[in-house]
Every structure is written in structure tokens, then in C-alpha cells.
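Architecture at a glance
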Amino acid sequence: EAGSEVEGFRKGDRVLSRIVWGGFAEFVQSDADMLVHLPANVGFEEGAIAQLLPIAVRGAELAVRPGNTVFVNGLGAAGLLCVQVAKAYGASRVLAADFFEMKRNAALEVGADLAIDPDAEDVVERVRRDTDGGADVTVEAVGLEPSFRACEGAVRNGGIISIFGTHLTPVSLSLLEWEGRSLKLHVMREQRDEMPRMLHKAVDLLASGKVRLKPLLSKVMKLDDIVAAFDLAIHHPQKHIKIAIVP
């Protein structure tokens, strides 16, 4: 439904929103400026993943410049979006790391130049070696301190650490060390006034095919099977990236 003063949308439109509440609800209310039309080349199931895309876009706008080297640590949906957006914003080389082979393969499929197995080699050492001293930008897409420390170690002096992962516990910084290395820290999450612009940029990337969502969609399950879906997502992360729930 559309309110009487809403312009640009009508009942039956396929839309993408940055609403972060109301998961699995039958109806959710949204301001019109928090909606964009879902491109014709994106289905509903994979389109649901795009709710995360504006965050990756804001991160790239803050940090990535043409010719940069970028390291993405953690290859869930967030990390795989960051791989693609970094490429779309002109990164010359994107390196990525994850413990699970399936996710490393997905990163290579969507444009990563190198996918590192942390169980097989030292991630920081490999990134620093392959980027001649450290990546220009490192992206933390896990939300755990060991992942942050890897990004801290893998970034070049004068580089940027960009945070996508949600950290539920405090992380301490040695500002003396950061001063000596001239490091910068960016948090990707956008503010309310930035969301509409980021939504439009995100949907442009989808429409152009520069960001693909289907490789991130592992499975589609019915709402009646949602408990089983959560079990798969929580207990079998080596097999699934995103599971879509449909009525």
C-alpha cells in the first residue's frame, strides 16, 4: 500500500528497503525515501540480501580509490558484497580470507583476485607480501577481535581499516602505535540522512550487474521451516552464506 502523499511508488511495486526491523513480519511500514525500485534483473529472494549493500557502498565511498589494493576479512554476505563493491569502485586488486572453502570460492566467483585460507597460512604475512607492505584498505567483516587484529596487521602504514562487522565487545587500540603508523579507522554503517543516497547507489550497482547477489544465496526455505533454516545458518556456516525465507 502507498500513503496518499507518497510519490513514485504504488501498490504492487517491487521494492528494496533499508528497514532494519520487522524481519519475518507480514507487513512493515517504511518512509518512502527509504525505498527504491528493485531492478528487474534481481529476484525477490536474492534481493533481500541487498539490504546490506548500502553499508558496503558507504564503506567504499569513504575508503576505496581507483587503483587501491583492498583486503576483505570474512566472507559472509557482508564480505562478499564488499569484495564486489571494492572492484566496482576501482580497486586494482582485492584479496580476501575466510576459514571455509565454499566462501573462498564464492569470493573468487564474484571478483576477488586471491582467497586465503587462514588455516593454511598466515593471513597478515600473505597480504603484506602480496601488496608490497600492506593493503591500502582492509575491511573487517566478521565482528570479532581476531579479525580486527588481522586487518590492523595487514593494512599499510597510512592506510584505512574499514569496519562492517558488528563488534559486541570492546576492542582496545594502541593509539601510540596508530600514531606511528598514521592509520585511519572508518565505520561503514550509514546514518539515517545518508541512507536514501546509498540506497540509490546500491540499486545502480545491482542494475548494472557490477554487484551480483545470486552467488550469495545458498538456499530458499519456507517460513514454516524457519527453525530448520536458523539451524543450518548457525550450525553449518561452511555450507551456507544466506538463506532466504519465503511465505
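To start, this report covers the structure provided alongside it. What you see is a predicted model, and the numbers here were worked out from it, not measured in a lab.

1. Here we look at the pattern of salt bridges
Scanning the model with the defined rule gives 16 salt bridges in all. Its salt-bridge partner being Glu125, residue Arg129 comes within 3.8 Å of it at the nearest N-O pair. Of this pair, Arg129 and Glu125 both sit in helix α5 (residues 123–130), separated by 4 residues, roughly a single helical turn. In terms of burial, Arg129 and Glu125 fall into one category: exposed. Linking Asp130 and Arg126 is a salt bridge whose minimum nitrogen-to-oxygen distance equals 3.1 Å. Linking Asp130 with Arg126, this pair stays in helix α5, spanning 4 residues, or about one helical turn. Note on Asp130: relative accessible area 26%, which makes it partly exposed.

2. Observations concerning the nonpolar core
Among soluble globular proteins, nonpolar side chains are generally buried collectively. The biggest cluster of nonpolar side chains holds 48 residues, and the ones touching the most others in it are Leu53, Val70 and Phe164. Where this core is concerned, the elements lending two or more residues are α2 (53–63), β3 (69–73), α3 (77–88), β4 (93–97), α4 (101–109), β6 (135–140) and α8 (195–208). It is α3 that provides the largest number of residues to this core, a total of 8 residues. Sequence-distant contacts of Phe164, defined by excluding residues within four places in its chain, comprise Leu52, Ile55, Ala56, Ala78, Cys82, Glu140, Ala141 and Met188.

Scoring rules and cut-offs
Residues numbered from 1 in each chain as written. Predicted model: local features only at pLDDT ≥ 70, side-chain atom pairs only at ≥ 80, totals over all residues. Heavy atoms only, no water. Salt bridge = Lys/Arg side-chain N within 4 Å of Asp/Glu carboxyl O. Helix = DSSP H or I, 4+ residues; strand = E, 2+ residues; numbered from the N terminus. Buried < 20%, exposed > 50% of the residue type's maximum accessible area, 1.4 Å probe, protein only. Core = buried A, V, L, I, M, F, W, Y, C linked by side-chain atoms within 4.5 Å. Contact = heavy atoms within 4.5 Å.

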